[in-house]
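Chain by chain, the residues:
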Amino acid sequence: MRRARDDESDAVAALARRSRRAALPYLADSHTPDEDRRFFREHVFATSVVWVVEEDAGLLGFCAVRAGWIDHLYVDPEHQRTGIGTALLGKAMETNERLELWTFQRNANAR
């Protein structure tokens, strides 16, 4: 696990899109991939500390944290239930005494 580099915002946006589609198929896809990339580059990476887990094949998961909040925590669908999400959550907890995370009620795996 390491802190994400600024030039990885597009890869993080793609991972978020893949993970959302797999975990939340009932949500409308209201943004284009270009809009996702812009959002992660201009907002998420500008306001949060982003931690990533990677292997040779690429990014497996990430967590975007700001004071008191986990704004994003996504794990690649093929690597869920392998401890990556738990490790990212632990990293976020190292620097925040209290954290909040918003999830959809229907997203039982996240809850």
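Residues numbered from 1 in each chain as written. Predicted model: local features only at pLDDT ≥ 70, side-chain atom pairs only at ≥ 80, totals over all residues. Heavy atoms only, no water.

**Student:** Would you explain the sheet that holds strand β4 (residues 69-75) in this entry?
**Tutor:** Strand-to-strand pairing in sheets goes through backbone hydrogen bonds, with the strands running parallel or antiparallel. In spatial order, the strands read β1-β2-β3-β4-β5; together these five strands make up an open sheet with mixed pairing. Each edge of the sheet is formed by a strand with only one pairing partner; in this case those strands are β1 (2-3) and β5 (100-101). In terms of strand pairing, strand β3 (residues 58-66) meets β4 through six bridges, oriented antiparallel. Each bridged residue has a counterpart across the sheet, and for Arg66 the counterpart in β4 is Trp69. The sheet contacts of helix α1 (residues 9-23) involve β2 (49-55), β3 and β4, and relative to β3 the element is tilted by about 95 degrees. (Pairing = 2+ DSSP bridges. Helix = DSSP H or I, 4+ residues; strand = E, 2+ residues; numbered from the N terminus. Contact = heavy atoms within 4.5 Å. Axes fitted to C-alpha atoms, helices over the stretch in contact; angles between N-to-C directions.)

**Student:** What should I look at first to understand the pairing of β2 in this one?
**Tutor:** For a regular strand, side chains alternate in direction, first toward one face of the sheet and then toward the other. Where β1 meets β2, two bridges bridge the pair, whose relative direction is antiparallel. Looking across to β2, one finds that Arg3 is bridged to Trp51. In the sheet, β2 pairs with β3 via seven bridges, with the strands oriented antiparallel. Along β3, the bridge assignment pairs Val49 with Val65. What sits between β2 and β3 in their antiparallel hairpin is a turn of two residues.

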